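Survey of secondary and tertiary structure
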Amino acid sequence: MAVPSLCIADGTFPTDFFHWSSTRRPTYDRFTNPKLGFHRRFRYGGRVTATVNPYSYTEAARPEERKGLNDFLVEARGFVRSDGGDGGPPRWFSPLECGARAPDSPLLLYLPGIDGTGLGLIRQYKKLGEIFDIWCLHFPVSDRTPARDIVKLIERTVRSEYFRLPNRPIYIVGESIGASFAIDVAASNPDIDLVLILANPVTRFNNIMLQPLSSLLEILPDRVPSLLEEYFRFEQGYPFAAMFETMLNETDAAQMGGGLLRNYFATSTLVRIFPKDTLLWKLQLLKSASASAKSHMYTVKAQTLILLSGRDQWLLNKEDIERLRCTLPKCEVRKFENNGQLLFLEDGVDLVTIIKCSYYYRRGKLLDYVSDYIPPTPFELKEYEESQRLLTAITSPVFLSTLENGTVVRSLAGIPSEGPVLYVGNHMLLGTELRPAAIHFLKEKNISLRGMAHPVMFTRKIGSKLPDMQMFDSVRMIGAVPVSNINFYKLLRSKAHVVLYPGGVREALHRKGEAYKLFWPEHSEFVRTASTFGAKIIPFGVVGEDDLCEVVFDYNDQMKIPILKNLIKEITEESTYLRTGEEGEVGNQDLHMPGIIPKIPGRYYVHFGKPIETKGREKELKDKERAHEVYLQVKSEVERCMTYLKTKRETDPYRNILPRSLYHLAHGFSSEIPTFDL
């Protein structure tokens, strides 16, 4: 039930702000996240201490229990009363389940879809509430506030909170009609730092679908919605409620009865929310709000993330979405092909994960890739690990490290637990070596590897021929950072574990016959920067690509074909160009996709050499010549690590995938496969 805790006068509207306490509280998986400044508990009991690695047993990790459509129906009944008991103007409420948020969390305003309850994020409360201060807007059934006044109400809240905390962004999450309101608010307040997250935004009234519905409602008896509910028994514990919740999360459900009818029944609480006159008013509100958003979207300057469902889009027009994407200057579109209209109520849609993968979470005016990064949860790592399972199964990576006494061991025992640590090594083809390494470091050492990656993985211009940003979600999830001097400096200052590839794109997209050849610049500043913070430098070598695939159509071949040559030039010019001061092959950072053919899979080998200390040597390494000597030492160690691996793998009886498969069959698929003698 709603428990009023604070009433505030809000100009024209005496808006109530209240906290909503759920009638049902499930048990949640908890874990410790020191970066967010709060503690969590495991389902099995006991508080997590600093010595426990929450990633050690990701195989058993489970998603937090989330509420479903049935919970949405039950809690909506506490809000919605057709007798007018829930009257009054629109109001904000904050779910009590969102109380354990991190310090300096930005404000998130949720603008509901056509249901108006404000409960559309009910499945997302717990995780969102850990990183946001959440306010949800609720529209009583009897409310008839016109669209322009709703926008003014939201604007007053936005301006008031921005005045209170001017250095923090304000997030606005809007669904369908709520997205239209969000666009209007952003258009009217270009001076306020807003981040829009628009789920299935409506910028044009779909007359083909909705005009016949309006006409039908005009002639239907008033009690039709109530009769439908009584007939189908859409109540907690009744079979139809559970059946339609299942329908909502089934991919094939779109084939049953058409999108409009299925969504109407799936959100069966609408038959209680909408007496006939209310539903007619909602349709008129949708029409006016979408028309206003369409006329004002050209002045929006806010950073925007658009989330589109792939099924049952009876409210959307693809041409309008494309126009919106091209109009908004800082816009990214993400598609969810297997989800329907009610995106945030469906299984497999985690808004926090989406925000993290998109790098849309920030606490200040500008995104800080270091301080704003949120490590993956154990379940997110499990999902990431499953997405990489094929690569891991094919390559069966072997990780070796070097102890202080020079002993090579098969584990990460030689890796320091405390940062800052700088790992410097060679890129294999397409840079496939970092992903299994990131998983291994988290599971064995609870260390997030912050890899310095090409900016093409983080930004993309509208109409660009570069890959879609969703292609790089997994890389960003595990902590990749756009390579730049300032990001490198911030990471070391924060005592992070940083991975640097001096060979860059030229090494990752090498030509035929260039496997394991280093393309490092003549001089590098990473030694001097590392010494500023006393970072340990760990050289490492990686081999195995020549046992996995072979380059047969490289850059030189593609540049001989005019069409491909022009495409490579166009794509490279669209991206951030690196190594502008370098000449020759080291400075050639052209982007292209090598043509490869697979081989019978071999194995990946990663060897981390002995750490090189820079602590206490800052004055010494300020001298460019002394720093260059250490740079050459690191490069020589990387080459030595590769040579060591190429020699030792010849004695590995499990280098080929066939003996590895037989070993798995005999000892189980979770068993660690042996390798060469150390």
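Residues numbered from 1 in each chain as written. Predicted model: local features only at pLDDT ≥ 70, side-chain atom pairs only at ≥ 80, totals over all residues. Heavy atoms only, no water.

1. Notes on helix α4 (residues 177-188)
With 12 residues, α4 should reach 16 Å at 1.5 Å per residue; the first-to-last C-alpha distance of 17 Å fits that figure. Every buried residue belonging to α4 is among Ile177, Gly178, Ala179, Ser180, Phe181, Ala182, Ile183, Asp184, Val185, Ala186 and Ala187, and all of these are buried. Packed against the buried residues of α4 are β4 (107-111), α3 (147-164), β6 (170-175), β7 (194-199), α10 (276-296) and α11 (318-327). (Helix = DSSP H or I, 4+ residues; strand = E, 2+ residues; numbered from the N terminus. Expected span 1.5 Å × (residues − 1). Buried < 20%, exposed > 50% of the residue type's maximum accessible area, 1.4 Å probe, protein only. Contact = heavy atoms within 4.5 Å.)

2. Points about the packing of aromatic side chains
According to the stated counting rule, one finds 16 aromatic pairs in the structure shown. With a centroid separation of 6.4 Å and an interplanar angle of 55 degrees, the aromatic rings of Trp92 and Trp135 are classed as tilted. One end of the pair, Trp92, is in strand β3 (residues 91-95); the other, Trp135, is in strand β5 (residues 133-138), and 43 residues separate them in sequence. On the basis of relative accessible area, Trp92 is assigned to the buried category, the value being 2%. Trp135 sits in the buried class, given a relative accessible area of 13%. Three or more aromatic residues joined by ring pairs make a cluster, and in this case those are Tyr423, Phe441, Tyr501, Phe540 and Phe608. (Phe/Tyr/Trp six-rings, centres within 6.5 Å; stacked < 30°, edge-to-face > 60°.)

3. Side note on the packing of α3 against α4
At a minimum axis separation of 9 Å, α3 and α4 run at an interaxial angle of 60 degrees. It follows from the interaxial angle that α3 and α4 lie oblique. The chirality of how α3 crosses α4 is right-handed. On the side of α3, the interface is formed by Ala147, Ile150, Val151, Ile154, Glu155, Val158 and Arg159, while α4 contributes Phe181, Asp184, Val185 and Ser188. Of the residues that constitute the contact of α3 with α4, the class distribution is seven nonpolar, one polar and three charged. (Axes fitted to C-alpha atoms, helices over the stretch in contact; angles between N-to-C directions. Parallel < 35°, antiparallel > 145°, perpendicular 65-115°, else oblique. Left-handed = near helix turned anticlockwise from the far one by under 90°. Nonpolar A, V, L, I, M, F, W, Y, C, P; charged D, E, K, R; others polar.)

4. Here we look at the pattern of salt bridges
For the structure on display, the rule yields 28 salt bridges. Taking the shortest distance from any N to any O, the salt bridge between Lys536 and Glu613 comes out at 3.6 Å. Placement of the pair is Lys536 in strand β16 (residues 536-543) and Glu613 in the loop between β19 (605-608) and α22 (618-621), with a sequence separation of 77 residues. On the basis of relative accessible area, Glu613 is assigned to the partly exposed category, the value being 38%. Close ionic contact of Glu620 with Arg617 constitutes a salt bridge, the shortest N to O distance being 3.2 Å. (Salt bridge = Lys/Arg side-chain N within 4 Å of Asp/Glu carboxyl O.)

5. Here we look at the pairing of strand β15 (residues 497-500)
Across the two faces of β15 the burial is the same, with His497 and Val499 and Val498 and Leu500 all buried. The pairing of strand β12 (residues 421-425) with β15 spans four bridges and is classified as parallel. Across the sheet, the residue bridging to Val424 is Leu500, located in β15. Of the pairings in the sheet, the one linking strand β13 (residues 449-453) to β15 comprises three bridges and is parallel in character. For Leu449, the partnering residue across the bridge sits in β15 and is His497. (Pairing = 2+ DSSP bridges.)

6. A look at the sheet that holds β16
Pairing is mixed across the open sheet formed by eight strands, whose spatial order is β11-β10-β19-β16-β12-β15-β13-β14. Two strands bound the open sheet, and with one partner strand each, they are β11 (408-409) and β14 (481-482). Contacting β10 (398-402), β12, β13, β15 and β19, helix α15 (residues 434-445) crosses the sheet at an angle of about 160 degrees to β13. Running at roughly 170 degrees to β13, helix α17 (residues 485-493) makes contact with β12, β13, β14 and β15 of the sheet.

7. Here's the deal with unusual backbone geometry
For the peptide bond that leads from Gly419 to Pro420, omega is 0 degrees, which places it in the cis range. Examined against the element boundaries, Pro420 turns out to sit in the loop between β11 and β12. Phi at Tyr359 takes a positive value of approximately 55 degrees, unusual for a residue other than glycine. One can find Tyr359 in the loop between α12 (351-358) and α13 (378-387). Judged by its relative accessible area of 8%, Tyr359 is buried. Non-glycine residue Asn446 carries a positive phi angle of around 55 degrees. The residue Asn446 is located in the loop between α15 and β13 in this model. Owing to a relative accessible area of 36%, Asn446 belongs among the partly exposed residues under this scheme.

8. Comments concerning α10
The terminal C-alpha atoms of α10 lie 31 Å apart, and with 21 residues this matches the ideal 30 Å at 1.5 Å per residue to within 8%. Those residues of α10 lying buried are Lys276, Thr278, Leu279, Leu280, Lys282, Leu283, Leu285, Leu286, Ala289, Ser290 and Ala293.

9. Some details on the side chain of Arg362
Considering the arrangement of structural elements, one finds Arg362 in the loop between α12 and α13. A residue is classified by how much of its surface remains accessible, and Arg362, at 6% relative accessible area, is buried. Engagement of the side chain of Arg362 in a polar contact is seen with the side chain of Asp193, the distance being 2.8 Å. Residue contacts for Arg362: discarding those within four places in its chain leaves Pro106, Pro169, Tyr171, Asp193, Leu194, Val195, Gln303, Leu367 and Asp372. (Polar contact = N/O pair within 3.5 Å; in protein donor to acceptor, adjacent residues only side chain to side chain.)

10. Topic: the nonpolar core
With 61 residues, the main nonpolar core has Leu422, Tyr423, Phe526, Ile537, Phe608 and Val634 as its most contacted residues. When residues of this core are assigned to their parent elements, the largest contribution, eight residues, is made by helix α23 (residues 624-648). Setting aside residues no more than four positions away along its own chain, Phe608 makes contact with Phe399, Leu400, Ser401, Thr402, Leu412, Ile415, Tyr423, Phe441, Ile538, Pro539 and Phe540. In this structure, Leu153, Ile154, Val185 and Leu324 belong to the second largest nonpolar core, which totals 43 residues. (Core = buried A, V, L, I, M, F, W, Y, C linked by side-chain atoms within 4.5 Å.)

Function cannot be read off these values alone, since they describe shape.
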